[in-house]
Each structure stands twice: as C-alpha cells, then as structure tokens.
Amino acid sequence: MSIWWSLHLRREAASVPLARRLFLGTMETAGVDPEVSYDLSVALTEACANAVEHGGGPVAGRGSEAYRVTAFLDGETCRIEVTDAGPGFPGVRSAPAPAACPDAEDGRGLRLIEELSDHVHFGRSGRGGAVVSFDKILKWRDSPSLLMA
C-alpha cells in the first residue's frame, strides 16, 4: 500500500490536534497497528508543536503563518516531515538530543521524536526553514479497517 498526503496548516495551537487526528484516521484506515500509530502520532504532535512555537520567519513579528506536514506510507515504512519557516537547527544532529531536566516545562519534544522513531533527521528546508523528518517501520493489524470499502 502506498499513501501520501500533505497539510498546509496555520501556526496556531488548534492545528496540532487536527494534524494528529487526521494522521491517526489515515493509519487506522490503512490497517496499521495501533501501537505504531500512537508512537508516530506522539512524535508528530511534538514536531507540530515545535513548528507552531518556533516556526516563524527571521524577521521579528513577521514570521510565516503556516507550516507543512507531509506523511508517506510506502510499503512497510511511514515517513513524516514537518517543515516550517523557523531558524532551523544549529547543525546536523547525529546523536540523540540531550535529556531535559525531569521537571522542565520545555525541551523534551526532540528527544521524544528520536525515541519514538526508527530514524530522525533535523535539518533545513530549501527555503531556509526547519525540517524534522522521521520514519518508522510499520506493523499491521490482522485485518484492515472496512472504512476504505
């Protein structure tokens, strides 16, 4: 099975649960194991929350009002990319993010994405914004949902 979809979302808090619900509905309809879907949906939520919070452009007060979520289900793998107009990441990361203090309010999102995915890439988009892409090998339920019928 191969599915591809892309959302162009406003950088506002309400877009985060919308992206998560659409993603979970797609995964359920495709017949993906709920545990795998849940892990990826938490990682997606963290990436979207970061785009909403940090995804503005370089000009103070004039940042981009949108970010993009793209998901690819191709064969046995799901890849998700979240792209925004933010300043990006200070270099290519090959090691996991440092652990946040256990009682910290912020700083756990990137670490969660890394822990819940099989492969993660933090980088810059061709337009100068930030891109978080992550993928996971899929497991399937015994019988796909009949919603596609």
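What counts, and at which threshold
Residues numbered from 1 in each chain as written. Predicted model: local features only at pLDDT ≥ 70, side-chain atom pairs only at ≥ 80, totals over all residues. Heavy atoms only, no water. Salt bridge = Lys/Arg side-chain N within 4 Å of Asp/Glu carboxyl O. Helix = DSSP H or I, 4+ residues; strand = E, 2+ residues; numbered from the N terminus. Buried < 20%, exposed > 50% of the residue type's maximum accessible area, 1.4 Å probe, protein only. Core = buried A, V, L, I, M, F, W, Y, C linked by side-chain atoms within 4.5 Å. Contact = heavy atoms within 4.5 Å. 1 Å grid on protein atoms, 1.4 Å probe; cavity = no way out; pocket = protein on both sides within 12 Å on 5 of 7 lines; lining within 4 Å. Points joined across faces, edges and corners; volume = space filled by probe spheres on them. Nonpolar A, V, L, I, M, F, W, Y, C, P; charged D, E, K, R; others polar. Polar contact = N/O pair within 3.5 Å; in protein donor to acceptor, adjacent residues only side chain to side chain. Pairing = 2+ DSSP bridges. Axes fitted to C-alpha atoms, helices over the stretch in contact; angles between N-to-C directions.

Under the annotation held in an unreviewed UniProt entry, the protein carries the name Histidine kinase/HSP90-like ATPase domain-containing protein and is attributed to Streptomyces hydrogenans.

### Here we look at the pattern of salt bridges
Going through the model one piece at a time under the given rule, you end up with four salt bridges. One salt bridge connects Arg79 with Asp135, and the closest N-O pair in it is separated by 2.8 Å. Within this pair, whereas Arg79 is found in strand S3 (residues 77-83), its partner Asp135 is found in strand S5 (residues 130-137), the two being separated by 56 residues in sequence. Judged by relative accessible area, which is 12%, Asp135 ranks as buried.

### Focus: the nonpolar core
Ranked by size, the top nonpolar core spans 33 residues in total, and within it Leu40, Tyr67, Val69, Ile80, Val82 and Phe134 carry the most contacts. Those elements that provide at least two residues to this core are strand S1 (2-10), helix H1 (15-30), helix H2 (34-54), strand S2 (66-74), S3, helix H3 (109-116), strand S4 (119-124) and S5. Looking at this core element by element, the count peaks at nine residues for H2. Beyond its immediate chain neighbours, meaning those up to four positions away, Ile80 contacts Phe23, Leu40, Leu44, Val69, Thr70, Ala71, Val132, Ser133 and Phe134.

### Describing the layout of surface pockets
Computed from the structure, the second largest pocket encloses a volume of approximately 350 Å³. For the second largest pocket, the lining is made up of 20 residues, of which Thr83, Asp84, Ala85, Ser125 and Arg127 are closest to its centre. Counting only elements with at least two residues in the lining of the second largest pocket, the list comes to S2 and S3. Looking at which element gives the most residues to the lining of the second largest pocket, the answer is S2, with three residues. For the lining of the second largest pocket, the class distribution of residues is six nonpolar, nine polar and five charged.

### Description of the side chain of Lys136
With respect to the secondary-structure elements, Lys136 resides in strand S5. Among the polar contacts listed, one links the side chain of Lys136 to the backbone oxygen of Leu116, at a separation of 3.1 Å. For Lys136, the contacting residues outside a window of four places in its chain are Val36, Asp39, Leu40, Glu76, Thr77, Cys78, Leu116 and Asp118.

### Quick look at the sheet that holds S3
Taken in spatial order, the five strands line up as S1-S2-S3-S5-S4 in an open sheet, and their pairing is antiparallel. Two strands bound the open sheet, and with one partner strand each, they are S1 and S4. Strand-to-strand, the axes of this sheet are offset by a mean angle of 10°, without reference to chain direction. Where S2 meets S3, seven bridges bridge the pair, whose relative direction is antiparallel.

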